[in-house]
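Structural characterization, general
The lines below spell out each chain.
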Amino acid sequence: MLRTEKVLQLRGQQGRAVRVVREHYLRPDVPCRSALCRSAQCRAACARDGKLLSDDVTHYVVPDCRVVQEYLEILEFPELKGIIFMQTACQAVQHQKGRRQYNKLRNLLKDPRHDCTVFANEFHQHCYLPREKGESMEKWQTRNIYNAAAWYHNHCLGQMPVVMVTEDEDAIRQYGNETEGVFVISFKNYLDNFWPDLKAAHELFDSIVQARRERESESQENHGKEYPEHLPVEILEAGIKSGRYLQGTLNVNKHRAQLEAFVRLQGVGSKDTELQSDILIYGSKARNRAIHGDVVVVELLPVHEWKGRTVALCENETEDKAPADTTGDPMPTGKVVGIMQKNWRDYVVTFPSKEESQSQGRNAQKVLVTPWDYRIPKIRISTQQAEALQEFRVVVRIDSWESTSLYPNGHFVRVLGRIGDLEGEIAAILVENSICAAPFSEIQMREMPVSSPKNPWKVSPEEAKKRLDLRDTHLIFSIDPKGCEDVDDALSVRTLPNGNLELGVHIADVTHFVAANSYTDVEARARATTYYLADRRHDMLPSVLSADLCSLLSGVDRYAVSVLWELEKESYETLRVQYTRTLIRSAYKLEYETAQALLDGDTSAVGDILELKGLDEGTRQKKLAELVWAISKLTDVARRVRAKRDRCGALELEGIEIRVQLDDKRNIHDLIPKQPLEVHETVAECMILANHWVAKRIAEDFPHQALLRQHPPPRQEFFAELRECANAKGFSIDTRSNKALAESLDRAHDPSDPIVNKLLRSMATHAMSNALYFSTGSCPEEQFHHYGLALERYTHFTSPIRRYADIVVHRLLMAATLGGARGEGKDSIISNKDLEELCRHINNRNRAAQRAQKQSTELFQCMYFRDRSAESDERCVADGVIYSIRTNGVLVFVPRYGIKGAAYMKNKEGLVISCQGAGSCQWKPGSLHRSQHQITSTTTTGDSLTLSLFDHITVSISPEGRKRKRHRHRPKDNIALQVRILVQTSRCHAESIKLEIISNAPHRTADAEAARESFHVVRSDLVKEVSQCAEEAQRAQERARLEVMDEECREFCQTKGPSLYQLLEEIRELALLDVTQDIRT
């Protein structure tokens, strides 16, 4: 190893240049990572590193620093193979392009689908060249990369030509003919000569070049500034530390994107700062070129300049001013003074129509495109394809946003599909949420076990010996939704010889097939979760695992990781717990509806159990009795476990899950709300129990590097709307703790209208903070608590097929329980720092998965209603409930379809709604009066209409603009009103649901909706009954214990208190009594 010195010019805290000299070590054995290498030492090092550069290419290509920085998107094309990224170029991206671009490069290098590698040229003694005196950084980088390219060619014994691509004309002239077999050309010449038919790469190259030229010319032409300059990083960091500035993430209000954005604080710099709420950023000028998702630095405005958030209903319009009477109380307001991290991504946009493009100006090549996401500003791009792409969704990327420009500059990337086409809209949802739906690569599939109808996978005898075999001793079965293929979990319960119960939760052993840091593991880590859309899913793991070898299907042998509890036969208290790798064979694959029918004693469901078909009557009845006993016993245990959590403050929250029902041709047949069943709760409680006990075990064994899941307590201001709505019905909601909230929600029950409790629980759910994964080494122990579940330790262990967090937890559990015995698992444990970064990534991907699922459901809701009307389809008339009052209208919830929308009572012209008799509603001059729980529309002629919280109304669905006749129904005691749901189409954005008041005809009965609530009442009663039984048993035990203590007190003259605290309290009371008596005397 050779020691040398590396001179760096760094900037100090005061902004002054500092010359730093660091030791720099050079080695001769840096691995080249090429399959052509003939050096034994190098090949050994390459074997340890894993990924090798293919030898099945015509040449190797080495991009210089500028090419990597400017054209990384093109280098991501899978057609470009044999790319060698030099360390010098990678470091230039890291230091000059920021973390996001650098992470993009790192992910490209890790991706097994791309034939590329990195070569640490600056640590190789024959490749590193020290910087000469007076030499610019760019020239030194180019000289260093060329020297490494020449060494690489010679190292491979000239077997492969090396092409260095650069934008430096001097380098092309200087090095072009210097070394035989090493070619130095421009990137454009490279594409023209080597990839003439790769049209997409050429179009992207032209777009990037055009965008760069536009930026350069614009910076020369424009001298006036539209926005203030951002402050230097040094000043921002000092300001944050002193408390003058605050740092947080910018969240733009999608309903008023031009006006409102909020900054959620990441932590205040000053200890004296008492600011707890978000900071309002009002107007685009105050936003100062920050884009939704950026990490920004904010300066608070003086208190007299603070503004309130909008409380009126508003559409996604380009309004730049809000009416004065539509804002709430003033809140902390600020302006953006700098951006710490730009979280720019790919954006789906739409080109302007022909009429709009004619009005945009003289330069036809510069086009303002409108992003699909309302929160993103229009983007200026340069292209000659604007007219041809008017009817398509396309992807663009932002390059810069100068202070002299009203809009950011970007470039065209690719076309997604036609506007309104299902596949194109789904592709837009995936791009907007940065979801990769690419198929698994060939190298990943080569890691998979072989399993086919002719050659099915079988259990290894050697592996079977290492596992606890439960195939003949346990009745194991799974309960899942209809059509489920990725069966993660199975359950078992049996009576032990000593009379106690054994409860078992058996989870697919994914880590047996997915080795740590394998290609499959790296891909699963990048995806982090399986993405479930309304009509499809994108798996985290290849289907050979997710739908076959790791899926706990019935009648086949599978590897599992099991948690087995021994429970006391009457109280079900845990006596012993065992974690182990097992070999299981599930006996039944049940659907939720079938299991619920068996639980309810409905024997007609037996025909749906495939495993019981073909058996003789005696055998079938015997097996059925065993299965019914197991389901009933599991439910009994689950009720007791849930009751215990309820006593600690567990919340029963509410959410509407809508399932899209497709016909044989994959057309939308219906939208079905998920029906709550008690068996759902049974399975969920067993999974929660397993997750809780696994969390306790791994946190105990790995106190500084265990992956747990926390649910922080919500901020109290988020409960304001919940408390206000509850007050309208005479209920009081106590939000001081999870237990107080749970008890309040249980009491907030209106016997005449069960939907009230459902809505209140939905509001409570909306007020909750998000549950997050975290590393135990990066968080104080008092923050480990899970607020919603009322558990001190919690993690995710039960779904490793579809969640990468569970895979990490499986490895931790195996290292904790089996590592010492077998000496395995410890090497797969992630350090706290790496685990903290991984948790951030998984949390981000989980949020993306939730958004994508919600957006795809909304897409199918719009498609379902687009071609239907109330005249031809009775499903287009449904019950709706008013759940929020605003200054210009109301918010309505439609339980049947899980739709929430705004119904305006005042339009943009200032007219108010007027309904007369049974006729249709009209817009007339008048005014609105809003009180806490109701809103009244009064016209100048004296007509009035009043709407109150929790009023039921009839909702009628029809496409926008279609005329419809009124529906008359039997009147009830609530308000008589009809609201039409419109499917609002948009060229640039996703279709949306819009509500419109059309008639004061009586509303439809809500009997069907009340029937749907019946289970919740029954379930709550069951839980309360179990809770009361448990509490009575505890009180009986306490009374018996106190009786024994009374006898001891009489015998030994001791205090009656069961604790030292009570003893001291008695002494204090006696002391106070004595003092008082002394004073009186």
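So, here's what we can say about the structure. (Residues numbered from 1 in each chain as written. Predicted model: local features only at pLDDT ≥ 70, side-chain atom pairs only at ≥ 80, totals over all residues. Heavy atoms only, no water.)

Points about the nonpolar core
Membership of the largest hydrophobic core comes to 134 residues, with the highest contact counts inside it found for Ile 74, Phe 85, Phe 187 and Leu 760. For Phe 187, the residues in contact, after removing those within four places along its chain, are Val 67, Tyr 71, Ile 74, Leu 75, Val 165, Thr 166, Glu 167 and Phe 205. Met 448, Leu 545, Ala 805 and Leu 812 belong to the second largest nonpolar core, which has 93 residues in total. (Core = buried A, V, L, I, M, F, W, Y, C linked by side-chain atoms within 4.5 Å. Buried < 20%, exposed > 50% of the residue type's maximum accessible area, 1.4 Å probe, protein only. Contact = heavy atoms within 4.5 Å.)

Observations regarding helix α15 (residues 519-527)
One turn of an α-helix holds 3.6 residues; hence residues three or four places apart share an orientation. Buried within α15 we find Tyr 519, Thr 520, Asp 521, Glu 523, Ala 524 and Arg 527. Taken together, the buried residues of α15 touch α13 (442-445), β24 (531-532), α23 (804-817) and α25 (832-866). Phi for Ala 528, located one or two positions after α15, is positive at around 70°. (Helix = DSSP H or I, 4+ residues; strand = E, 2+ residues; numbered from the N terminus.)

Examining the pairing of strand β26 (residues 557-567)
Of all 11 residues making up β26, 11 are buried, and the element is well covered by its neighbours. Note: strand β23 (residues 501-508) against β26, eight bridges, orientation antiparallel. Note that in β26 the partner of His 506 across the bridge is Ser 562. Sheet analysis places β26 next to strand β27 (residues 574-585), joined by 11 bridges and oriented antiparallel. (Pairing = 2+ DSSP bridges.)

Section: helix α9 (residues 233-242)
Within the sequence span of α9, burial applies to Leu 236, Gly 239 and Ile 240. Projected down its long axis, α9 carries its buried residues within an arc of 100°, all on one side. Turned more than 90 degrees away from the buried face of α9, the exposed residues are Lys 241 and Ser 242. Looking at the residues trailing α9, positive phi occurs at Gly 243, about 95°. (Arc of directions from axis to C-beta.)

Notes on unusual backbone geometry
Although it is not a glycine, Leu 157 adopts a positive phi angle of roughly 60°. Positionally, Leu 157 belongs in the loop between α5 (137-155) and β6 (162-165). Residue classification places Leu 157 among the exposed residues on the basis of a relative accessible area of 62%. With phi around 70°, Ala 528 is a residue other than glycine that occupies positive phi space. Along the chain, the position of Ala 528 falls in the loop between α15 and β24.

Remarks on the pattern of salt bridges
Summed over all chains, the structure comprises 54 salt bridges. Residues Arg 467 and Glu 463 are paired through a salt bridge, measuring 2.8 Å at the closest nitrogen-oxygen approach. One network of salt bridges, with partners in common, ties together Glu 73, Glu 76, Asp 346 and Arg 397. (Salt bridge = Lys/Arg side-chain N within 4 Å of Asp/Glu carboxyl O.)

A closer look at the sheet that holds strand β16 (residues 366-371)
Across a sheet, strands are paired by hydrogen bonds formed along the backbone, either parallel or antiparallel in direction. Strand order in this closed barrel of five strands is β15-β16-β17-β19-β18, and the pairing throughout is mixed. In this sheet, adjacent strand axes meet at a mean angle of 55° when their direction is disregarded. With two bridges connecting them, strand β15 (residues 346-350) and β16 associate as antiparallel partners. Considered in β16, the bridge of Val 349 is made with Pro 371. On top of the sheet, helix α12 (residues 422-432) reaches β15, β18 (392-400) and β19 (409-418); it is set at about 140° to β19, its chief contact. (Axes fitted to C-alpha atoms, helices over the stretch in contact; angles between N-to-C directions.)

Digging into the sheet that holds strand β39 (residues 934-939)
The strand order across the open sheet built from three strands is β38-β39-β40, with neighbouring strands paired in antiparallel fashion. Each edge of the sheet is formed by a strand with only one pairing partner; in this case those strands are β38 (926-930) and β40 (944-948). The sheet shows a mean angle of 15° between the axes of neighbouring strands, direction not considered.

Describing the pairing of strand β21 (residues 476-480)
Burial analysis of β21 places five of its five residues in the buried class, which makes it a mostly covered element. In β21, alternate side chains face the same way, and those of Ile 476, Ser 478 and Asp 480 on one face and Phe 477 and Ile 479 on the other are all buried. Relative to strand β22 (residues 489-495), β21 runs antiparallel, the two being bridged by two bridges. Directly across from Phe 477, in β22, lies its bridge partner Leu 491. Two strands pair when backbone bridges link them, and β21 and strand β28 (residues 588-591) are joined in this way by four bridges, in the parallel orientation. Counterpart to Phe 477 in the pairing with β28 is Tyr 588.

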